[in-house]
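# Working through the structure, step by step
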Amino acid sequence: MGARLVWPMSNFIVFACMAGTAIISLVSVNKYITEGIQHAIGENRAIKIASLITYSIPFSITADLTADTGGGQGLAIGVLNLAIVIPQVL
């Protein structure tokens with residue numbers, strides 16, 4: 001397969017995934033429109049703090065460690081992103 005076929009196919013796949021995400025979000029928000037969705041985030045303060053640490057500290061450490069490597073920062077952040085997202089999907 002050439003780049004002229006792979007690039008449009010990947011764009012359509014991303015479009016389908018984003019459309020699916022929008023539909024799922026609309027259904028979810030409509031379900032909780034009366035009571036709000038704050039309970040989904042969590043009212044527990046410890047959970048909020050743990051989430052903030054989990055989502056921010058690895059990215060700042062990765063950015064700091066790869067800043068001097070000369071161009072490897074994007075790849076390192078992408079790999080870290082996948083390491084966080086894949087377990088969430090599973």
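Residues numbered from 1 in each chain as written. Predicted model: local features only at pLDDT ≥ 70, side-chain atom pairs only at ≥ 80, totals over all residues. Heavy atoms only, no water.

Time to look at the overall build of the protein. A tally of helices and strands in the protein yields 4 helices and 0 strands. Along the chain direction, N to C, the helices and strands of the protein fall in the order α-α-α-α. Burial statistics for the protein: of 90 residues in total, 6% are counted as buried. Roughly 7600 Å² of accessible area belongs to the protein as shown, and the carbon and sulfur atoms make up 71% of that amount. (Helix = DSSP H or I, 4+ residues; strand = E, 2+ residues; numbered from the N terminus. Buried < 20%, exposed > 50% of the residue type's maximum accessible area, 1.4 Å probe, protein only. Areas by Shrake-Rupley, 256 points an atom, 1.4 Å probe, with all protein chains shown as cover.)

Before going further, it helps to examine a nonpolar patch on the surface. A surface patch of nonpolar side chains, amounting to about 420 Å² of accessible area, comprises Met1, Leu5, Val6 and Met9. Relative to the helices and strands, Met9 resides in helix α1 (residues 3-31). For Met9, a relative accessible area of 37% translates into the label partly exposed. (Patch = residues over 30% accessible without salt bridge, like charges linked within 9 Å, V, L, I, M, F, W, Y side chains within 5 Å. Salt bridge = Lys/Arg side-chain N within 4 Å of Asp/Glu carboxyl O.)

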